[in-house]
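# Tertiary structure, described
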Amino acid sequence: MIVITDEKIAEINMYAELEYPHECCGALLGRVESERKNVIGIIPISNKREPEAKHNRFLIQPEEFLSCEKTARKQGVDLIGFYHSHPDHPSFPSDYDLEHALPVYSYVIVSVTLGKADEVTSWLLREDRTQFDKEFVQILNCSHF
Amino acid sequence: MTTSNPQLVTIQLPTALRTFTDGLSEIKVEAATVDESLVKLTELYIDLKRHLFDDDGKLRSFVNVFLNDENIRTVDGFVTPVKSGDTIMLIPAIAGGV
């Protein structure tokens with residue numbers, strides 16, 4: 001299960017809509033407690049794919065990955081996953097996502113339809129790399145705090 | 001594989017791959033080249049292999065290998081020799097899409 005506030009979801013949706021019709025991407029920082037991942041921070045990252053591919057691909061370079069790990073360490077949290085958008089496409093992982101994923105990390109996908117963010121899902125790669133399993137997303141309402 | 005001139009190198013792993021090394025973030029191996037270091041690593045931790053290499057035995061495109069902070073693609077690739085005290089970092093690029 002991944003736990004995230006509605007504010008953080010709104011932030012991801014905002015980036016997804018700003019980048020539309022391109023894919024947005026970023027890192028998720030947080031803490032892992034048993035089977036529960038709590039998202040504490042979001043790091044938006046510039047999609048480094050070439051302009052003609054950004055509508056259906058995203059890339060986070062290794063140097064940026066390292067930077068996210070360092071930021072997480074400084075904040076005393078972990079790099080727990082990544083998010084990206086699927087412009088005009090459902091929020092299901094593609095074969096391309098499967099080919100490029102790593103286990104353990106949560107892969108949050110937001111679908112954007114005609115410029116408007118809608119469904120948010122999260123996925124975990126099986127250790128045998130055969131498929132993703134859907135991860136339950138618990139959205140906390142910030143007004144309750 | 002025979003190690004012609006074994007050197008003790010340290011391989012550092014990202015969090016996601018430590019699941020397959022009993023939680024260890026650093027592994028020491030004796031090897032003569034970067035390629036041999038990675039082979040030794042996956043011999044020690046077999047489950048790592050599928051995440052580093054594809055079915056044809058090629059390093060997955062999103063896995064980047066840095067030798068002492070330098071990407072080996074800009075040096076001599078996998079045949080780059082290593083020396084004792086060197087650090088190899090495995091750093092993924094994160095990619096995906098529709």
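Not measured: the values here are computed from a predicted model.

Rules and cut-offs
Residues numbered from 1 in each chain as written. Chains lettered and ligands numbered in written order. Predicted model: local features only at pLDDT ≥ 70, side-chain atom pairs only at ≥ 80, totals over all residues. Helix = DSSP H or I, 4+ residues; strand = E, 2+ residues; numbered from the N terminus. Rg over C-alpha atoms; globule rule 2.2 N^0.38 Å. Buried ≥ 20, exposed ≤ 12 C-beta atoms within 10 Å, placed from the backbone. Contact = placed C-beta atoms within 7 Å. Expected span 1.5 Å × (residues − 1). Arc of directions from axis to C-beta. Nonpolar A, V, L, I, M, F, W, Y, C, P; charged D, E, K, R; others polar. Pairing = 2+ DSSP bridges. Axes fitted to C-alpha atoms, helices over the stretch in contact; angles between N-to-C directions. Core = buried A, V, L, I, M, F, W, Y, C linked by C-beta atoms within 7 Å.

### Describing the overall build of chain A
Looking only at helices and strands, one finds three helices and nine strands in chain A. The order of helices and strands in chain A, counted from the N terminus, is β-α-β-β-β-α-β-α-β-β-β-β. What you see for chain A is a C-alpha radius of gyration of 14 Å, in line with the 15 Å of a compact globule of 145 residues. Counting only C-alpha atoms and orienting by the principal axes, one finds that chain A spans roughly 40 × 35 × 30 Å. The 145 residues of chain A split such that 41% are buried. Look at the contacts in chain A between residues 6 or more apart in sequence, and 63% of them connect residues 24 or more apart.

### Focus on helix α2 (residues 62-75) of chain A
All names here are of chain A. Spanning 14 residues, α2 covers 20 Å between terminal C-alpha atoms, matching the ideal 20 Å at 1.5 Å per step. Listed in full, the buried residues belonging to α2 are Pro62, Glu64, Phe65 and Ala72. One side of α2 holds all its buried residues, which, seen down the axis, span an arc of 160 degrees. Structural note: α2 exposes Lys70, Arg73 and Lys74 on the side pointing more than 90 degrees away from its buried face.

### A closer look at helix α1 (residues 34-44) of chain B
Looking at α1 of chain B, one finds that the buried residues are Val34, Glu36, Ser37, Leu38, Lys40 and Leu41 of chain B. At its buried positions, α1 of chain B is contacted by β1 (7-12), β2 (26-31), α2 (49-52), β3 (63-67) and β5 (87-92) of chain B.

### Quick look at the interface of chain A and chain B
Taken together, the 26 residues of chain A in the interface contact 15 residues of chain B. Of all the secondary structure elements, the ones that give two or more residues to the side of chain A that touches chain B are β4 (58-60), α2, β5 (78-87) and α3 (95-100) of chain A. Looking at the side of chain A that touches chain B element by element, the count peaks at five residues for β5 of chain A. Along the lines of polarity and charge, the residues of the side of chain A that touches chain B split into 14 nonpolar, seven polar and five charged. The sheet contact formed by β4 of chain A and strand β6 (residues 94-96) of chain B spans three bridges and is antiparallel. In the strand pairing of β6 of chain B, Leu59 of chain A is matched with Ala95 of chain B.

### Regarding the sheet that holds strand β7 (residues 116-125) of chain A
All names here are of chain A. Spatially, the eight strands line up as an open sheet ordered β8-β7-β6-β5-β2-β3-β1-β9, and their pairing is mixed. The open sheet is flanked by β8 (132-135) and β9 (137-140), the only strands paired with a single partner. The mean inter-strand angle of the sheet, taken between neighbouring strand axes irrespective of direction, is 35 degrees. Pairing of strand β1 (residues 2-5) with β9 involves four bridges; the strand directions are parallel. Pairing of Ile2 across the sheet is with Val137, part of β9.

### Structural notes on the nonpolar core
By size, the foremost hydrophobic cluster in this structure holds 63 residues, and its most contacted members are Ile12, Leu28 and Phe82 of chain A together with Ile11, Val65 and Leu90 of chain B. Among the elements that line this core, the one with the most residues is strand β6 (residues 106-113) of chain A, at five residues. Discounting residues that sit within four places of it in the chain, Ile11 of chain B has contacts with Glu26, Ile27, Val29, Ser37, Leu41, Ile88 and Leu90 of chain B.

### Describing the environment of Arg73 of chain B
All names here are of chain B. By the secondary structure assignment, Arg73 is in the loop between β4 (70-71) and β5. Owing to 12 C-beta atoms within 10 Å, Arg73 belongs among the exposed residues under this scheme. Taking the C-alpha atoms as reference points, Arg73 and Val9, 64 residues apart in sequence, are found 19 Å from one another.

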